[in-house]
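# Architecture at a glance
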Amino acid sequence: MADTGYFHLHLVSDATGETLITVARAAAAQYANVSPVEHLYPMVRSKKQLDHVLAEITESPGLVLYTLLEEDLIQLLEEKCRELGLPCMSVLGPILRLFQSYLGAETIHRVGAQHVLNAEYFQRIDALNFSMMHDDGQHPEGLEEADVVLIGVSRTSKTPTSIYLANRGVKTGNVPLVPGVPLAPQVEQLARPLVVGLFASPERIVQIRENRLLGLKAHRDDDQYIDKASVAEEVQFSRRLCSRHNWPMIDVTRRSIEETAAAVMRLLTDRRRAPGI
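In what follows, the accompanying structure is described. (Residues numbered from 1 in each chain as written. Predicted model: local features only at pLDDT ≥ 70, side-chain atom pairs only at ≥ 80, totals over all residues. Heavy atoms only, no water.)

### What about a nonpolar patch on the surface?
Together, Leu92, Ile95, Leu96, Leu98, Phe99, Tyr102 and Leu103 make up a nonpolar patch on the protein surface, roughly 750 Å² of accessible area in all. By secondary structure assignment, the location of Tyr102 is in helix H4 (residues 93-103). (Patch = residues over 30% accessible without salt bridge, like charges linked within 9 Å, V, L, I, M, F, W, Y side chains within 5 Å. Areas by Shrake-Rupley, 256 points an atom, 1.4 Å probe, with all protein chains shown as cover. Salt bridge = Lys/Arg side-chain N within 4 Å of Asp/Glu carboxyl O. Helix = DSSP H or I, 4+ residues; strand = E, 2+ residues; numbered from the N terminus.)

This is the structure:
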């Protein structure tokens, strides 16, 4: 495996497989020299479906992770992996046993229970709809209904951070700061939402903008968009604007989308805990 630089990773789920993907990628990210070739098998709920999975595992042996609740299917999968000499592990099993030992109660063994259509689910859908409607400065008149409003110059990850937060049920809008274009007065007057400024180093922003232009095979008549001095002035303007309004700022230069969203969530939690909020 070390010679090839990759390994086969089989993810077997009786639901959507989202849990498996998240756990597997978090673990695989710790190994810089090898990359997983993912084989995802969602909605595996019958022996016939599992037979197809076992054939794939036999053809491309590798690490096997699963989230199955049907004991017959688990037994078949684990027996096949023992026969092939492959590591096989239930991702939820150890956690469920820990819960059971602490709570003293059996699990309900309900497939896909984490995806139940409850109030939290519909809150997330509502938040996603809101974030798409209020992306990139659209409909500023409705931003007062947001939980969070992100502002920043181009290429500071406002949109992906907004979508990530929305998937956590946080209604998020984002507003770009464009040179020569005044900020919508509705944004400066916001009272209910937490307004957060995102900024990065000029070098990082220029690098991302250049890569984006190359990827789009685009051409701009003015070079200010990727001129370091011009970008540095954009960043300074955004920081002065945030300071004037006492809006918190997050440096996203070396942060992933997940880390930026976590920082925003901490700010939101602190704000909600503050007296009078």
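### Considering the packing of aromatic side chains
Counted under the stated rule, the structure contains zero aromatic pairs. Against the face of Tyr225 rests Arg209, its NZ or CZ located 4.4 Å from the ring centre. Directly above the aromatic system of Phe199 lies the positively charged group of Arg239, at a separation of 4.3 Å from the ring centroid. (Phe/Tyr/Trp six-rings, centres within 6.5 Å; stacked < 30°, edge-to-face > 60°. Lys NZ or Arg CZ within 6 Å of the ring centre and 35° of its normal.)

### Structural notes on the pairing of strand E3 (residues 63-67)
Counting buried positions along E3 yields four of five residues, so the element is predominantly enclosed. Here five bridges tie strand E1 (residues 6-13) to E3, and the two strands are oriented parallel to one another. Residue pairing for E3: Leu9 is matched across the bridge by Leu63. One ladder, built from three bridges, connects E3 with strand E4 (residues 88-90); its direction is parallel. Bridge assignment links Leu65 to a residue of E4, and that residue is Met89. This β-α-β element, E3 to helix H3 (residues 71-84) to E4, shows right-handed connectivity. (Buried < 20%, exposed > 50% of the residue type's maximum accessible area, 1.4 Å probe, protein only. Pairing = 2+ DSSP bridges. Right-handed = clockwise from strand over helix to strand, strands pointing away.)

### Some thoughts on the sheet that holds strand E5 (residues 148-152)
Pairing in this open sheet of four strands is parallel, and the strands run E6-E5-E7-E8 from one edge to the other. Strands at the two margins of the open sheet, each flanked by one partner only, are strand E6 (172-176) and strand E8 (249-251). Adjacent strand axes in the sheet meet at a mean angle of 25 degrees when their direction is disregarded. Where E5 and strand E7 (residues 194-199) come together, four bridges link them in parallel fashion. By the bridge assignment for E7, Val148 is matched with Leu194. Relative to the sheet, helix H10 (residues 257-273) contacts E5, E7 and E8, its axis offset from that of E7 by approximately 150 degrees. (Axes fitted to C-alpha atoms, helices over the stretch in contact; angles between N-to-C directions. Contact = heavy atoms within 4.5 Å.)

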